[in-house]
Each structure stands twice: as C-alpha cells, then as structure tokens.
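In case you want the letters, here they are:
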Amino acid sequence: MKASQRAEHKARLLAQIAQQREQLSQAAEGWLDATQGLDRGWQLLVRYRHLALTGGVVLLGWGLLSRERLTRLYRRARRTSLYRHSPLLLSLGGWLLGRR
C-alpha cells in the first residue's frame, strides 16, 4: 500500500469510528430515556428500603399468625408447577397438613 492509500484508508476508518461513536451515543440516550421510569422506581425503593422491609416483615408476621391463611396459600401453591420443584414448599406443606 502506498502512503496516500494508507492515509485514505485511515481517514475512512476514522470517519467510520466517529459515526459509530455517534450512533452509540444516541443509543445510550435512548436507553436512558426508555429506562427512566424503572430507574426512578428503583431509586424510590432504595430510598425507602427500611420502610419496605418493615412492611414486608409485618405482612409476613400477619400471614404467619393465621394458620388458615397459610394453609390456603400452600394449597394454591400446590396447584402450580412451582410446588413440584420446591423442597421448601414440600416441607412446609407437610408441616401444615400434618399438624391438624
């Protein structure tokens, strides 16, 4: 390759790189716009994570206090395919249904 051909080739490659950078920049802006709602929700969850954890614990405690509710949840879960693959649900079901 002659020096002039190399210079032209280099110029084409540099132009192609600049174009790809611009496309990448536009795609990144589009991605940020598309995920803006999710990011806001995530930031809200992170900001109030202590409140969310406390609420989850309260709901869990409320659910565990009533054995009937827990038994009903177990029976619903048993109808799904998830039950067949979950040792935790199997052992929980044996505990719930075995202690009547």
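Note that the structure is predicted; figures quoted are calculated from it, not measured.

1. Let's talk about the overall build of the protein
Consideration 1: Each helix and strand counted, the protein has 6 helices and 0 strands in total.
Consideration 2: If you list the helices and strands of the protein from N to C, you get α-α-α-α-α-α.
Consideration 3: Taken over 100 residues, the protein has a buried fraction of 12%.
Consideration 4: Counting only carbon and sulfur atoms, one obtains 62% of the accessible surface of the protein, whose full area is about 9000 Å².

2. Here's the deal with the confidence of the model for the protein
Consideration 1: Per-residue confidence for the protein averages 80 on the pLDDT scale, and 74% of its residues sit at or above 70.
Consideration 2: Mean pLDDT per element in the protein: helix H5 (residues 81–84) is the minimum at 56, and helix H1 (residues 3–34) is the maximum at 94.

3. Considerations on a nonpolar patch on the surface
Consideration 1: On the surface, a cluster of nonpolar side chains totalling about 300 Å² of accessible area is made up of Trp-42, Leu-45 and Val-46.
Consideration 2: If you trace the backbone, Leu-45 turns up in helix H2 (residues 36–47).

The rules behind these values
- Residues numbered from 1 in each chain as written.
- Predicted model: local features only at pLDDT ≥ 70, side-chain atom pairs only at ≥ 80, totals over all residues.
- Heavy atoms only, no water.
- Helix = DSSP H or I, 4+ residues; strand = E, 2+ residues; numbered from the N terminus.
- Buried < 20%, exposed > 50% of the residue type's maximum accessible area, 1.4 Å probe, protein only.
- Areas by Shrake-Rupley, 256 points an atom, 1.4 Å probe, with all protein chains shown as cover.
- pLDDT = per-residue confidence, 0-100.
- Patch = residues over 30% accessible without salt bridge, like charges linked within 9 Å, V, L, I, M, F, W, Y side chains within 5 Å.
- Salt bridge = Lys/Arg side-chain N within 4 Å of Asp/Glu carboxyl O.

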